Amino acid sequence: MIEDAKVVFVVDDDHSVRRGLERLLRTAGYRVTTFVSARDFLERADCAQAACLVLDIRMPGQNGLDLYEALLDGGYRIPTVFITGHADLLMAARAMKLGAVDFLPKVFDDEALLTAVRAAVDEPPPTAAS
Amino acid sequence: MPPAPRWWWRQPDEGLARVAGTAVLVAVAYYVGARLGFLLQSPSVPTSVLWPPNAILTATLLLTPVRRWWIWVLAVIPAHLCVQVGVVHPPSLIAALFVTNWSEAVIAAVGVRLFSDAPARFDTLRRMAIFIVAAGLVAPFVSSFVDAAAVTALRGGDYSVIWRTRFFSNVLTELTLASVIVMALDSGRQWLTAAHERRSESAVLASVLFAVGLIIFGADGPWIPADLPRSTLALLLLPVLLWAAVKFGPASASLSLLLVTALATWGAHHGRGPFATLPAADRVIALQISLIMVAIPLLCLAAVVGERRRAQTALNDRLQFEALLARLSSTFVRLTAEEIDAAIRSCLAQLGEFFDFQRVALFRLSDADEFSEWHAWQGAASAFAPGPSPPLSFEVPLLARGHRLGKLAIETGTAPPLRSDGWISRVTMIADILGSALAKKEAEDAVRASESMKSAILASLTTRVAVLDRAGRIIEVNEAWKRHASEPGVDSPTMIGIDADYLACWRRASREGDAYAEAVAEGIGEVLGGVCLAFSVEFPCRSNGHERWWALSVVPLSRPEGGAVVSQAEVTERRNTEIDAQRMRQELAHFTRTSTMGELTASLAHELNQPLTAILANAQAARRSLDAGLTDVEELRAILSDIVDDDRRAGEVIHRLRDMMVKREPESLPLDLNLLLVDVIKLLTSDLLIHNITIVTELTADLPLVQGDRVQLQQVVLNLLLNAIDATGDGANKDRTITVRTEWLDSVHVSVSDEGHGLGSGTHDLVFQPFFTTKPTGMGMGLAVARSIIEAHGGLIWATDNPTRGATFHFAVPAQQSSSRA
């Protein structure tokens, strides 16, 4: 089971939130890798591995939306669920427009997150950027 | 008498009529004198025993100024002609005799005037001796040569006989008649004003003299012993003449001699008297020589006695005057301003009475340079006899230290006053005393005016003022203090009156538990002891159930005896206003604080959402594990531990929020502004994150503590930071930072620099005004409230533009007093 478990990447600057989400996703059977910032992600992540990206928007340094755009620009289209503590309609609209799977304002229920992650994982495998 | 300054006198003019009258009088006297001379001529000898015309001329020349002499010469010509024409032959002798008569008078007058200081007075031995030598001896001696020469040349005769008869006759006439005429003018007035007894005595003297003269020179009766020589009998005259000389002076002596001479001449002509046995010509000569021998010592004696008597009188007079002067001087030495008026009135009266003045008035010189009569003394109208001269008036200036303060106006009863020589200088001396008194009076008036001004100022103060002596006892209070002291129902150290021990009163209140009294008593004690230069405090005081506040200030009294001035003013109203203002400020601060927190809602939500998200995720993960039958206890413990941490984190956020929102009384505590800044920055973490702004802190270590209210100062910092965040904006600029700095520059200095657009020119002060805002949603109260808070903490707040871009807001608050920098 563990062998073919999907890998979920979590990027959040908040240590507690990272750990909480990691545990939750693990109980749902995913393998989880966490990153503290956009920069950390760009340095360490193997994008081809990721089945889903849980991305916090408000972070010191490069924010989540900018990272997502950079990934798209780099040809990496990872199904992404945005989370944010600062609900902002404009941001949500922008995220969805860019092809995000979901946009979850903190605080969210486990079902909401897992449903979104599941939807992301079930998306057709990434294709090379057009 | 020293010559008086011209302005002292209003001398009556000597008119033409007066000169003419004198001329007629001289001519008539000359005529009458000549006729008398002829009458006294011995039938057997062609020479008079007395020849009055020459003596009359001598007296005239002595009494009148030299410049008028020619008038008398002319005036006498007709009289001379009337007498001589038809009597004297040849006629040329008439002119010669005119010349010789005048020559004697001129020599006598010039001689006396040359040597005597007062030619018309014979009241001293010196003056009398000059008169006797010049007029009595030299003039007859010289002129008799001329006379005898003229007579022998024009009519013939023995030159030596004529010279001898002329000489003795002229000497006797000059000594008796000339002196009588001269002195009669001076002494006659004295005799008229003399006491009744003296006049009676002089009448008795004249009677006795006449009687004795008759006995000696005229009597020829059986009651006189035939064998008694008449010359011995003549000695009877001596006591009478001495009586006249000693008691009545030179005038009386020469008058007596004149009378005796007349009687002796009459007796001689009738072959009676002491020299009746001699031949006629020798009889006259013997008589003349005898009379001359008596006259000269007698006149000298009279002069000496008179001189002595006058010296004695002058001495007495001077002693009296000096006593008066001493009395007046001492009167004015220790006098209050009230007593000066009475003393000056008394002084004027004493002056007037001493000199027999008619009126004495003291004038003061006003500021407008006008004289006004201040005090006057009027002599009793009946007290002075009307003198032969009209009353005179004169004025003496009153000077003190070179300033003219007034004048003394005097009207004399007679002029000049007979009382004493040198009276004018004496009046001047008294004027000096009055001048000093006047100066003193004016000085005291000035002092009094200044003091009444000071007390009027003190009385008009609404602040209550009391003056304490060195021991803290009240020695003076003003009207406001007295008014307050009479208010009922007040019992505190603010209430006591003069002579009460103010300091002790506060000490007692301190022992009775008055919280402020101890500090007040200590402060007053320090000012009185010279330890500190001023002390002030505000203290409450309950009266009539109301609490009233007083501001008390104590300053040292600058005088050698020490002491202090206490002033108390009621400040209840000001204090209430201050308290109201403080309350208003707090409410406004709270209001702006809560509205500021409203602005922070989004970032606060973010701040809370983080732990809440973590908690929920952890809890649900745990539940899911349990549901799945997984019982990894270590994992569960880790989850629970994370939940507890996150819950605490959320609690802190709530706590910080509540601190800012809750309305409460401000409290003053020692605060470390560095810590306070860090706290506020934590509150803003999410906001900074949202706006993608970095805060750079440059905090100086070991900053001194400040005394203040934590929440209010946090509000100030929060406002400055939010302003800085707003100014920085949401731009795309990547390195957006806000710099927060603390420094120690004699006060604790905090600055917040942004990199926005900076302040518009001219708005550096405006930004702190209420309702000044550049934000569409702002109320414009943030910085105004910040300023009121900083000022309430005794600090300053201001804004500057940065050299490159953006603005910096600064505030500085004083360090806590006990806090010193390490």
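Structure shown above.
Residues numbered from 1 in each chain as written. Chains lettered and ligands numbered in written order. Predicted model: local features only at pLDDT ≥ 70, side-chain atom pairs only at ≥ 80, totals over all residues. Heavy atoms only, no water.

Student: I'm lost on the interface of chain B and chain A in this one. Help?
Tutor: Where interface size is given, it is often the accessible area lost as the parts come together that is meant. At the junction of the two partners, chain B supplies 25 residues and chain A supplies 27 residues. Between chain B and chain A lies a buried interface of about 2,100 Å² when both sides are counted; carbon and sulfur atoms form 51% of it. Inspection of the region where chain B meets chain A yields six salt bridges. In this structure, the salt-bridge partner of Arg-23 of chain A is Asp-642 of chain B, at a minimum N-O distance of 3.0 Å. For the interface between chain B and chain A, the tally reads twelve residue pairs in polar contact (both at pLDDT 80 or more). At the level of secondary structure, the elements contributing two or more residues to the side of chain B that touches chain A comprise α17 (601–627), α18 (633–661) and α20 (685–690) of chain B. (Contact = heavy atoms within 4.5 Å. Buried area = accessible area lost by both parts, 1.4 Å probe. Salt bridge = Lys/Arg side-chain N within 4 Å of Asp/Glu carboxyl O. Polar contact = N/O pair within 3.5 Å; in protein donor to acceptor, adjacent residues only side chain to side chain. Helix = DSSP H or I, 4+ residues; strand = E, 2+ residues; numbered from the N terminus.)

Student: Before we go on, may I ask you to explain helix α1 (residues 15–27) of chain A in this structure?
Tutor: Residue and element names in this part refer to chain A. For α1, spanning 13 residues, the distance from its first C-alpha to its last is 19 Å, which sits close to the expected 18 Å at 1.5 Å a residue. For α1, the set of buried residues is Ser-16, Val-17, Arg-18, Gly-20, Leu-21, Glu-22, Arg-23, Leu-24 and Leu-25. N-cap assignment for α1: the residue whose side-chain oxygen lies 3.0 Å from the backbone N of Ser-16 is Asp-14. Looking one or two residues beyond α1, the residue adopting positive phi is Gly-29, at roughly 95°. (Expected span 1.5 Å × (residues − 1). Buried < 20%, exposed > 50% of the residue type's maximum accessible area, 1.4 Å probe, protein only.)

Student: Sorry if this is basic, but what is going on with unusual backbone geometry here?
Tutor: Most peptide bonds adopt trans geometry, and most residues besides glycine take a negative phi value. Between Lys-106 of chain A and Val-107 of chain A the backbone carries a cis peptide bond, its omega angle lying at 5°. Structurally, the position occupied by Val-107 of chain A is in the loop between β5 (102–105) and α5 (110–122). Located in the positive-phi region is Asp-702 of chain B, a residue other than glycine, with phi close to 55°. The topology assignment puts Asp-702 of chain B in the loop between β11 (694–699) and β12 (706–708).

Student: Help me understand the packing of helix α7 (residues 196–218) of chain B against helix α9 (residues 237–269) of chain B in this model?
Tutor: Helix packing geometry: the angle between the two helix axes and the distance between the axes. Residue and element names in this part refer to chain B. At their nearest, the axes of α7 and α9 sit 9 Å apart, and the two run at 35° to each other. Remark: the crossing between α7 and α9 carries right-handed chirality. A per-class count over the contact of α7 with α9 returns 21 nonpolar, six polar and three charged. (Axes fitted to C-alpha atoms, helices over the stretch in contact; angles between N-to-C directions. Left-handed = near helix turned anticlockwise from the far one by under 90°. Nonpolar A, V, L, I, M, F, W, Y, C, P; charged D, E, K, R; others polar.)

Student: Where do I start with the side chain of Arg-23 of chain A in this structure?
Tutor: Tracing the backbone shows Arg-23 of chain A in helix α1. Exposure remark for Arg-23 of chain A: the relative accessible area of 7% places this residue in the buried category. The residues contacting Arg-23 of chain A, other than those within four sequence positions of it, are Asn-618, Ala-621, Glu-635, Ala-638, Ile-639 and Asp-642 of chain B.

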